There are 4 protein chains.
Amino acid sequence: MCRWLAYSGSPIFPEDLIFTPDNSLAAQSLHSCKAKVSVNGDGFGLGWYGERDVPGVYREVLPAWSDCNLRSLASSIRSGHFFAHIRASTGTATSRRNCHPFTYGKWLFMHNGQIGDYELQRRRLEALLHDDLYARREGSTDSELIFYLLFHFGLEENPLKALRATLEEVARSTEASGSRKPFRCTAALTDGRTNYAVRFSTDAHPPSLFWQERSEHTLIVSEPLDTAVGEWQQVPASTVLVTDPGNKVRTEAL
Amino acid sequence: MCRWLAYSGSPIFPEDLIFTPDNSLAAQSLHSCKAKVSVNGDGFGLGWYGERDVPGVYREVLPAWSDCNLRSLASSIRSGHFFAHIRASTGTATSRRNCHPFTYGKWLFMHNGQIGDYELQRRRLEALLHDDLYARREGSTDSELIFYLLFHFGLEENPLKALRATLEEVARSTEASGSRKPFRCTAALTDGRTNYAVRFSTDAHPPSLFWQERSEHTLIVSEPLDTAVGEWQQVPASTVLVTDPGNKVRTEAL
Amino acid sequence: MCRWLAYSGSPIFPEDLIFTPDNSLAAQSLHSCKAKVSVNGDGFGLGWYGERDVPGVYREVLPAWSDCNLRSLASSIRSGHFFAHIRASTGTATSRRNCHPFTYGKWLFMHNGQIGDYELQRRRLEALLHDDLYARREGSTDSELIFYLLFHFGLEENPLKALRATLEEVARSTEASGSRKPFRCTAALTDGRTNYAVRFSTDAHPPSLFWQERSEHTLIVSEPLDTAVGEWQQVPASTVLVTDPGNKVRTEAL
Amino acid sequence: MCRWLAYSGSPIFPEDLIFTPDNSLAAQSLHSCKAKVSVNGDGFGLGWYGERDVPGVYREVLPAWSDCNLRSLASSIRSGHFFAHIRASTGTATSRRNCHPFTYGKWLFMHNGQIGDYELQRRRLEALLHDDLYARREGSTDSELIFYLLFHFGLEENPLKALRATLEEVARSTEASGSRKPFRCTAALTDGRTNYAVRFSTDAHPPSLFWQERSEHTLIVSEPLDTAVGEWQQVPASTVLVTDPGNKVRTEAL
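Residues numbered from 1 in each chain as written. Chains lettered and ligands numbered in written order. Predicted model: local features only at pLDDT ≥ 70, side-chain atom pairs only at ≥ 80, totals over all residues. Heavy atoms only, no water.

For chain A, the name recorded in an unreviewed UniProt entry is Class II glutamine amidotransferase, with Denitrobaculum tricleocarpae as its organism.

This is the structure we're talking about:
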């Protein structure tokens, strides 16, 4: 299980969310409140949109709390749209290529959760990948695989449809494999403009997901960054949250 | 604050202490029971004596729980005498040169604790170092400095005397600096035969230290590796524990 | 292209081959004489047999010339059978999981060369892997894939047959893919007792491979470690070299 | 010996200098043309000015040619003022804290060269440092020390005077130590507006230094980034080059 946040709005320095709040992402890397595991120290990543369509990405295997480069980048790069992620491995290696967010073209993707008995399903699901994505697979995580499956299911034409089809396919695969472990997926996806965030599980325990909408920004988080009551709304299970620049947040059932 | 263990006895694979017990050192790196901070994820080190007088040392900046190399080394290198350490930084950088154990010639040293207001005292204490050790200073920690001070105070002639003089000097320096923070030091030192372990603080709260003596080995630890009652003895404050091959453990007041 | 060496004989410290000779493996990492690329700085690995059937493995992404841990391990661990490898990436990422030697059970494997247009063939070749090896795939290199293919072709029953079948299969796949790039493979394989070293290419330019047989040891290397004339024999193309403890080196045509 | 470049002018993506040219800094990390050593693979750093007075800094121990994060940062962060450096260690450890550029407040500093017999002089020169800089010393290089000495000699009031006094002090110290090795220093310093670049040696062989002035930018480099003749001017020995926004480059004898 991991923790993440997705920000879009007026440009800010990522440190305002990664380091400053009481329950900042760096604080969660040492001790998260709502995660299944308390420590999220198996690497981290920051992906941001700046002057290009393609995002910048910085991923590293150290815990977020101790990386001096992250501290400098987060206080130097101002961005109106970024993803940040801290990782707690569910079995695969601690390596940069297994760190989120994953990127391909203009897209960023990050994930908290797990494909139940992933090793039973990896081959079947990887077989679905387009040739170019298959060849590009660099890591070994279920998360990178889910990202690439989205392209198979038409991400570039219809992101919502691709999200639904991917979740359905992985859920079906999990069941077909005979696994009794759930497929859990709290994930965020963006093309640099619109954010799509899903909260999903094949059992009754999807990972937590919250959001906050203010005049200047929208923020989606695994868990609230501070304890101010009433500021955070919980995303219901089996729901996708869509945030567009200039529009209100909307939710749809998955 | 950090966690460590010092083993001497029949040759074993370090994994038996670093990975196997319920409260193994790797388990403590994620969640220690008795430390001031719960997570000890700012690097680790393993130093062992094998076929040479000079120990082998493996130090890395990743958390001990996730390093694949540590897992392989700890299950491959059998040793009758080794030190293992997991680090929780008290301010200095996460870098290999700041990881314990430190080594010089045949000596190994590791430390849990802190020189209060170290930055106020660093210059004064470094000025005491012999030229060759001053030039050899690679990291920036108070721990490496304490190790090198031991040589200034005659480690190679009389380790116990050097330990006492070093603790005294640092305590005096802390007081002279006007710092109100304590100097705390739970440390282990060895020449490859005899272990010296101290539990010391200038206030009433020295870090925890335990030991276990069996027919086949002696083991000194920051905190017990399992919960079997009666097996572990607490080292009293202001005490040095000395273990020699073939002799019983003895303690002396500092 | 990479550089490697395989030692078997009287136990020695690996530093005698990795650091001491004029053209040691560490020297080759900075400047190799016979490699297609001069610098082999994309990580390294050391795998050795000690007190267990399963080898110990240390792999790291730093260049071999600058890793302080490698220096200590190579001067501390005495072994009568070890593999060492320095990597020059042919496209895949610099990560520990892409460093050689690869290991599975009692086996070690390392490789210099390249599958031509690997990205065109990866899917087809990975589809051949046994379920447990498919699930275990951690990196993204063609080298790890070749290693796992050996198991598909019966490594555990008949290593020579598995080597031949694997080379043939990859060569056939390269041709079938329409690639005009060669498949080059200079590789070493061992179960901890017998070494198998192949020199192979689908074109006329297999990477260099040499060996040296003395009363006390056998040594197989990508390029000679020193310039003493007459001491090194070149392995002919399309040949496998087999070294057993107590027997003379023998070669067979592939 | 190391390689570096300092850019100031219209905002560009650092990749245009670090990766794109034939003899880009990344190319030089594998094979530099004019350096004493060909490979500069002991870490690298990028420091840039963006929206804050304080620069952002990214430093890493991998070779520049293989770091995926550097590639992404260099193509994402547009800056009108940045320093980039690739390191070839002259003896001190490969660690982030030993990588250039060094930063303190608004200042950046990077260096190519060496204090002759540094270990003989380190104590004497470190003794000159202000308390706050002494306490802040994180690495062990002569380069970081030279940077901090500049503050001792009044960097914040008069950078040119501080540069001269520091070079003089280190040269005097080298001589006083009895060392017969030269003190060589080709270094760049900036406050985020003005660049100061020096080419200096106590012997007749200062490291190479070139510059290029165009309408849109000034560029100072250890060696030319491409082979276009007549575009690069060599900085004379014992000279400081000063570049201000809006002014022509001027040189002064040291």
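Next comes the rest of the write-up.
Peer 1: Requested: an account of the overall build of chain A, with residues and values cited.
Peer 2: Regarding its fold elements, chain A presents seven helices and 13 strands. Dimensions along the principal axes, computed over C-alpha positions, put chain A at roughly 45 × 35 × 35 Å. Taking all 254 residues of chain A together, 64% fall into the buried category. Of the contacts formed within chain A by residues at least 6 apart in sequence, a portion of 64% connects residues at least 24 apart. Total accessible area on chain A is roughly 9,200 Å²; 48% of this is exposed by carbon and sulfur atoms. The average position of the 27 basic charges and that of the 30 acidic charges among the side chains of chain A differ by 3 Å. (Helix = DSSP H or I, 4+ residues; strand = E, 2+ residues; numbered from the N terminus. Buried < 20%, exposed > 50% of the residue type's maximum accessible area, 1.4 Å probe, protein only. Contact = heavy atoms within 4.5 Å. Areas by Shrake-Rupley, 256 points an atom, 1.4 Å probe, with all protein chains shown as cover. Lys, Arg positive; Asp, Glu negative; His and termini not counted. Charge placed at Lys NZ, Arg CZ, Asp CG, Glu CD.)

Peer 1: How would you explain the nonpolar core if you had to name every residue and give the values?
Peer 2: Counting residues in each nonpolar core, the largest one holds 65 residues, and the members touching the most others are Phe 147, Phe 183 and Leu 189 of chain A together with Phe 147, Phe 183 and Leu 189 of chain C. Apart from the residues lying within four places of it in its own chain, the contact partners of Leu 189 of chain A are Phe 83, Trp 107, Leu 108, Phe 109, Phe 147, Leu 150, Leu 155, Leu 163, Thr 194, Asn 195 and Tyr 196 of chain A. Core analysis: the second largest hydrophobic core is formed by 64 residues, Tyr 118, Leu 150 and Phe 183 of chain B together with Leu 150 of chain D among them. (Core = buried A, V, L, I, M, F, W, Y, C linked by side-chain atoms within 4.5 Å.)

Peer 1: Which residues make up the relation of the copies chain D and chain B, and what values do they have?
Peer 2: Take chain D, turn it by 180 degrees, move it 0.0 Å along the axis, and it overlays chain B with an RMSD of 0.0 Å. Taken together, the rotation and translation relating the two chain copies correspond to the operation of a two-fold axis. By residue overlap, the copies meet face to face through one surface: 100% of the interface positions of chain D are interface positions in chain B. (Least-squares fit on C-alpha atoms with pLDDT ≥ 70 in both.)

Peer 1: Please set out the sheet that holds strand β5 (residues 102-104) of chain C residue by residue, giving values where relevant.
Peer 2: Residue and element names in this part refer to chain C. Reading across the sheet, the six strands line up as β5-β6-β7-β8-β12-β13 and stay open at both edges, with antiparallel pairing between neighbours. Two strands close off the open sheet at either side, each with one partner strand: β5 and β13 (250-253). Each adjacent strand pair in this sheet contributes to an overall mean axis angle of 20 degrees, direction not counted. As defined by bridge partners, strand β12 (residues 239-243) adjoins β13 across four bridges and the pair is classed as antiparallel. Within β13, the residue paired with Thr 239 across the bridge is Ala 253. Docked against the sheet, helix α6 (residues 142-152) engages β5, β6 (107-114) and β7 (184-190), running at close to 130 degrees with respect to β6. Against the sheet, helix α7 (residues 159-176) touches β6, β7, β8 (195-201), β12 and β13, its axis set at about 20 degrees to β8. (Pairing = 2+ DSSP bridges. Axes fitted to C-alpha atoms, helices over the stretch in contact; angles between N-to-C directions.)

Peer 1: Kindly report on unusual backbone geometry, identifying the contributing residues and their values.
Peer 2: In this structure, Pro 101 of chain A follows His 100 of chain A across a cis peptide bond, with omega equal to -10 degrees. As for its placement among the helices and strands, Pro 101 of chain A is situated in the loop between β4 (79-86) and β5 (102-104). Look at Asp 117 of chain C: it is not a glycine, yet its phi comes out positive at around 45 degrees. Along the chain, Asp 117 of chain C falls in the loop between β6 and α4 (118-126). One non-glycine residue, Ser 238 of chain C, lies in positive phi territory at about 55 degrees. With a relative accessible area of 33%, Ser 238 of chain C lands in the partly exposed category.

Peer 1: Go over the interface of chain D and chain A with me, naming the residues and quoting the values.
Peer 2: With 23 residues of chain D in contact, the opposing surface of chain A contributes 23 residues. Of the roughly 1,900 Å² buried at the junction of chain D and chain A (both faces included), carbon and sulfur atoms supply 42%. Per-residue buried area on chain D facing chain A is highest for Glu 51, Arg 52 and Arg 96 of chain D; these three make up 29% of the total on that side. Seen at the junction of chain D and chain A, the total is eight salt bridges. As a salt-bridge pair, Arg 52 of chain D and Glu 15 of chain A come within 2.9 Å of each other at their nearest N and O atoms. Summed over the shared surface of chain D and chain A, the result is 14 residue pairs in polar contact (both at pLDDT 80 or more). Listing elements by their share of the side of chain D that touches chain A, those giving two or more residues are β3 (56-60) and α3 (68-76) of chain D. Among the elements that make up the side of chain D that touches chain A, the one with the highest residue count is α3 of chain D (six residues). Here the side of chain D that touches chain A is built from residues that sort into nine nonpolar, five polar and nine charged. (Buried area = accessible area lost by both parts, 1.4 Å probe. Salt bridge = Lys/Arg side-chain N within 4 Å of Asp/Glu carboxyl O. Polar contact = N/O pair within 3.5 Å; in protein donor to acceptor, adjacent residues only side chain to side chain. Nonpolar A, V, L, I, M, F, W, Y, C, P; charged D, E, K, R; others polar.)

Peer 1: Which residues make up the pairing of strand β10 (residues 217-221) of chain C, and what values go with them?
Peer 2: Residues and elements named next belong to chain C. With respect to burial, β10 is a largely interior element, five of its five residues being buried. Across the two faces of β10 the burial is the same, with His 217, Leu 219 and Val 221 and Thr 218 and Ile 220 all buried. Here strand β1 (residues 3-12) runs beside β10; their pairing, made up of five bridges, is antiparallel. Bridging across to β10, Ser 8 finds its partner in Thr 218. When strand β9 (residues 210-213) meets β10, the two strands line up antiparallel, connected through four bridges. Each residue of the ladder has a partner; that of Phe 210, found in β10, is Val 221.

Peer 1: Give a description of the side chain of Ser 201 of chain A that names residues and reports values.
Peer 2: Residue and element names in this part refer to chain A. Looking at where Ser 201 falls in the secondary structure, it is placed in strand β8 (residues 195-201). By relative accessible area, Ser 201 is classed as buried at 10%. Engagement of the side chain of Ser 201 in a polar contact is seen with the side chain of Asp 203, the distance being 2.6 Å.

Peer 1: An account of the relation of the copies chain D and chain A is requested, with residue identities and associated values reported.
Peer 2: Note on the identical chains: chain D maps onto chain A by a rotation of 180 degrees and an axial translation of 0.0 Å, with an RMSD of 0.0 Å. When you check the interface residues of chain D against chain A, 100% turn up at the interface there too, and the contact is symmetric in its surfaces.

Peer 1: How would you sum up the interface of chain D and chain B? Please name residues and give values.
Peer 2: In this complex, chain D contributes 16 residues to the contact, which on the side of chain B involves 16 residues. When the buried surface of chain D facing chain B is broken down by residue, Arg 122, Arg 123 and Tyr 134 of chain D rank first, second and third, together holding 45% of it. At the junction of chain D with chain B, the criterion picks out two salt bridges. For Asp 131 of chain D, the salt bridge identified is with Arg 123 of chain B, shortest N-O distance 3.1 Å. Take the side of chain D that touches chain B: its biggest share by element is four residues, from helix α4 (residues 118-126) of chain D. The residue inventory of the side of chain D that touches chain B, partitioned by class, reads five nonpolar, three polar and eight charged.

Peer 1: Tell me what's going on with the side chain of Arg 184 of chain A, and back it up with residues and numbers.
Peer 2: Take Arg 184 of chain A: it is sitting in strand β7 (residues 184-190). Of the polar contacts made by the side chain of Arg 184 of chain A, one reaches the backbone oxygen of His 205 of chain A; its length is 3.0 Å.

Peer 1: Explain the pattern of salt bridges to me, and be specific about the residues and the numbers.
Peer 2: Oppositely charged side chains may form a pair once their charged atoms are brought near each other. Summed over the entire model, instances satisfying the criterion amount to 76 salt bridges over all chains. Residue Glu 168 of chain A pairs with Arg 172 of chain A through a salt bridge whose shortest N-O separation is 3.4 Å. Note that Glu 168 of chain A and Arg 172 of chain A are positioned in helix α7 (residues 159-176) at a spacing of four residues, about one turn of the helix. By relative accessible area, which is 43% here, Arg 172 of chain A ends up partly exposed. The shortest N-O distance in the salt bridge between Glu 231 of chain C and Arg 214 of chain C comes to 2.6 Å. A residue pair is termed long-range when its members are at least 10 positions apart, and Glu 231 of chain C in the loop between β10 and β11 (233-234) and Arg 214 of chain C in the loop between β9 and β10 qualify at 17 residues. Residue classification places Arg 214 of chain C among the partly exposed residues on the basis of a relative accessible area of 40%. The network of salt bridges with shared partners includes Glu 60, Asp 67 and Arg 96 of chain A together with Glu 60, Asp 67 and Arg 96 of chain D.

Peer 1: An account of the environment of Gly 41 of chain A is needed here, citing residue identities and associated values.
Peer 2: The residue Gly 41 of chain A is located in the loop between α2 (25-30) and β2 (44-48) in this model. A residue is classified by how much of its surface remains accessible, and Gly 41 of chain A, at 0% relative accessible area, is buried. For the pair Gly 41 of chain A and Asp 132 of chain A, spaced 91 residues apart in sequence, the C-alpha to C-alpha distance is 31 Å. Beyond its immediate stretch of four places on either side in the chain, Gly 41 of chain A contacts Ser 29, Val 61, Leu 62, Pro 63, Trp 65 and Arg 87 of chain A together with Pro 63 and Trp 65 of chain B.

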